Protein chains: 2
Amino acid sequence: MSEVCFGVDVGGTTVKLGLVDSEGNLLEKREFASPKDPNAMFDVIVSHMDQVIVHYPGIRCMGAGVGVPGPVIDEAMVRSCSNLGWGRVMVAEELTKRAHMNIKVANDANMAAMGEMWMGAGKGCRNLVMLTVGTGVGGGIIVDGKILAGALGGGGEIGHIPLHYHPDWQCNCGKYGCLEVTASASGIIRAAKQYHPFSEMQDLGAKEVFEAMYAGDQHAREAVENAGKALGEACAILACVLNPEMFLVGGGVSAAGRALLDPIEQSFREKCFPPCANVRFARATLGNNAGIYGGAALFFAH
Amino acid sequence: MSEVCFGVDVGGTTVKLGLVDSEGNLLEKREFASPKDPNAMFDVIVSHMDQVIVHYPGIRCMGAGVGVPGPVIDEAMVRSCSNLGWGRVMVAEELTKRAHMNIKVANDANMAAMGEMWMGAGKGCRNLVMLTVGTGVGGGIIVDGKILAGALGGGGEIGHIPLHYHPDWQCNCGKYGCLEVTASASGIIRAAKQYHPFSEMQDLGAKEVFEAMYAGDQHAREAVENAGKALGEACAILACVLNPEMFLVGGGVSAAGRALLDPIEQSFREKCFPPCANVRFARATLGNNAGIYGGAALFFAH
């Protein structure tokens, strides 16, 4: 009898839910709008799981791995989810009550890193760091095959490494000079906006900056390189702290490809403590499904 | 029958060896010069262990935890020890062969952090970072009660966090602006030497700078504060990456006491990502015995 489990990636806007077998096959996937109320959220998740599982008679379901956008303690409780307006919620307890199965909870960025380790670009690694570069910069750290959650679930908040102080560079967290101020899509847009024609463009997005870069615009390239350099410096910091085998770069900004990865690697090589510099860099490969695979990895990756 | 084990702290100059029981009592301690040759080193360690154990008939010895000054893989092998002129050495295998007991090997700074967690200032914590501030800056990271060694044993090399680039601030590792360039005893001395009377003093040590600071010298205080600020900034970086419960500061420079800890905490509070800022700071308490306790902690701390 083959074994499966659910991977559930709870986001601020949508929930992605998939049934994954122990070989890493994604058998079925659903996506639905996120109810803001925790009870409504848990009811609709369990309802979807019930609907999916009936399609697979005779299968053995080991449980569900659930990612939430907030700090998670003991694979069970989330301390707060600002995207969902949640305070402290006993996610594992509430879902177990409804679904009568084993529930493991993790931070969404950490869970995505688990997914990439199990079935993505990090296959075969047991020590890796994933940087998710989008509107902000998220992170997931895997040490010896397990999520580094820290004492209060705040481990891996790489975007908030205080990197370069500047009084104009305030982060959403309230502090100044966090990595994500420079290295996120917003950071790239701000860097590009210092120059014509970007300075005149309303609703400038990272996509437009990338297009200009591919079309040969030097300022666009510099804006992306600037983000890459900051990410590379952060990787140099992380390498001497964690000594990982691999850095994975995912998220929307990773679409810039080598234009982002080259300056990351270059600034990493310049700064990294030599005994910890033996690291590979790669783009994440699972995209939006990384969380689903990561939920399954909480059960199947050893 | 009470259980004991050996903690062995192999340094570049001396070896410290202690017999510790499962309650954390240090029953007997020895210290002897470090033979540079690995075989001579192992022979003399085992000879001392044999001599010690006969004093405790009827006791059950669980094994020995051995710290070495280099990156350790799989609690067994050290990749290199520059202080001892060693390359790759199979420490666990060689000692097991001679001592016929279970041997666990760790990096010395990591082992000291384990010791402080088990029986020192970190008692009751399972997630902590120890900074050992002496001639250089060493580090040990404990995550969920275990040493973070990383893929190749280089985890916790906190002294090599690239913090502030400056072309004059080259580190022994070859890179520029590593934490230990600013925050070590050497960094404090260099900062003090910018000013009279320190600029004229031959063989100025950190001790003389501390004494001048206690006597009211403002430049001496600034030199120590400068190191503290850099350490606090490094702690702010580490907090969002690791989310520890506690930072412990040990090593010779920690003798500066509040004059060092106050600027550490102040710069930490200024820079740290708020959700990860709930951390305690304390001085390490086990001093030179931290490694011995740490060796025993590899067996007894759970």
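Residues numbered from 1 in each chain as written. Chains lettered and ligands numbered in written order. Predicted model: local features only at pLDDT ≥ 70, side-chain atom pairs only at ≥ 80, totals over all residues.

**Let's talk about the overall build of chain A**
For chain A, the count of helices and strands is 9 helices and 12 strands. In terms of principal-axis extent, the alpha carbons of chain A reach across some 60 × 45 × 35 Å. Counting over 302 residues, chain A shows a buried share of 54%. Here the contacts in chain A between residues at least 6 apart in sequence split such that 64% fall between residues at least 24 apart. (Helix = DSSP H or I, 4+ residues; strand = E, 2+ residues; numbered from the N terminus. Buried ≥ 20, exposed ≤ 12 C-beta atoms within 10 Å, placed from the backbone. Contact = placed C-beta atoms within 7 Å.)

**As for the confidence of the model for chain A**
Confidence in the prediction of chain A, expressed as mean pLDDT, is 95, and 100% of residues score 70 or more. For this predicted complex, the interface score ipTM comes out at 0.95, while the overall pTM is 0.95. (pLDDT = per-residue confidence, 0-100.)

**Remarks on the interface of chain A and chain B**
Contacts between the two partners involve 34 residues from chain A and, on the opposite side, 34 residues from chain B. Among the elements that take part in the side of chain A that touches chain B, helix H7 (residues 218-242) of chain A stands out by supplying 7 residues, more than any other. Within the side of chain A that touches chain B, the residues separate by chemical class into 20 nonpolar, 9 polar and 5 charged. (Nonpolar A, V, L, I, M, F, W, Y, C, P; charged D, E, K, R; others polar.)

**Examining the domain arrangement of chain A**
All names here are of chain A. Under the domain assignment, chain A is made up of domain 1 (3-117 + 288-300) and domain 2 (125-285). Each side of the interface is counted separately: domain 1 has 14 residues, and domain 2 has 18 residues. Listed by contribution, the elements that provide at least two residues to the side of domain 1 that touches domain 2 are strand S5 (72-73), strand S7 (103-107) and helix H3 (108-119). Looking at side-chain class alone, the side of domain 1 that touches domain 2 contains 10 nonpolar, 2 polar and 2 charged residues. (Domains from an automatic or database assignment.)

**Brief notes about the sheet that holds strand S11 (residues 246-250) of chain B**
Residues and elements named next belong to chain B. Here 5 strands make up an open sheet; going across it, the order is S10-S9-S8-S11-S12 and the pairing mixed. Because the sheet does not close on itself, it has two edges, and the strands there are strand S10 (146-147) and strand S12 (280-283). Pairing of strand S9 (residues 137-143) with S10 involves 2 bridges; the strand directions are antiparallel. What sits directly across from Ile142, in S10, is Ile147. Together, strand S8 (128-133), S9 and S11 form the strand contacts of helix H7 (residues 218-242), whose direction differs from that of S8 by roughly 155 degrees. (Pairing = 2+ DSSP bridges. Axes fitted to C-alpha atoms, helices over the stretch in contact; angles between N-to-C directions.)

**A closer look at the packing of H7 of chain B against helix H8 (residues 258-271) of chain B**
Residues and elements named next belong to chain B. Contact geometry of H7 with H8 gives a least axis separation of 7 Å together with a crossing angle of 40 degrees. Relative to H8, the element H7 lies oblique. The interaxial crossing formed by H7 with H8 has right-handed handedness. Across from Arg221, Val224, Glu225, Ala227, Gly228, Lys229, Leu231, Gly232, Glu233, Cys235 and Ala236 in H7, the residues of H8 making contact are Ala259, Leu260, Asp262, Pro263, Ile264, Glu265, Gln266, Ser267, Phe268 and Lys271. (Parallel < 35°, antiparallel > 145°, perpendicular 65-115°, else oblique. Left-handed = near helix turned anticlockwise from the far one by under 90°.)

**Quick notes on unusual backbone geometry**
His196 of chain A connects to Pro197 of chain A through a cis peptide bond whose omega is 0 degrees. Relative to the helices and strands, Pro197 of chain A resides in the loop between helix H5 (185-192) and helix H6 (206-214).

**Focus on the relation of the copies chain A and chain B**
The transformation that overlays chain A on chain B combines an axial shift of 0.0 Å with a rotation of 180 degrees, and the residual RMSD is 0.0 Å. Such a combination of rotation and displacement between the chain copies is what one expects of a two-fold axis. A shared interface surface links the copies, since 100% of the contact residues of chain A are contact residues in chain B too. (Least-squares fit on C-alpha atoms with pLDDT ≥ 70 in both.)

**Observations concerning helix H2 (residues 91-99) of chain B**
Residue and element names in this part refer to chain B. Taken together, the buried positions of H2 are occupied by Val91, Ala92, Leu95 and Ala99. An end-on view of H2 places all buried positions within 90 degrees of arc, on one side of the element. Across H2 from its buried face, at more than 90 degrees, point the exposed residues Glu93 and Lys97. Buried residues along H2 sit against helix H1 (38-53), strand S4 (60-68), strand S6 (77-78) and strand S7 (103-107). Residue His100 follows H2 closely and has a positive phi angle near 50 degrees. (Arc of directions from axis to C-beta.)

**Quick look at the pairing of S11 of chain B**
Residue and element names in this part refer to chain B. Counting buried positions along S11 yields 5 of 5 residues, so the element is predominantly enclosed. Relative to S11, S8 runs parallel, the two sharing 5 bridges. Considered in S11, the bridge of Met130 is made with Leu248. Two strands pair when backbone bridges link them, and S11 and S12 are joined in this way by 4 bridges, in the parallel orientation. Bridging from a neighbouring strand, Phe247 pairs with Phe281 of S12.

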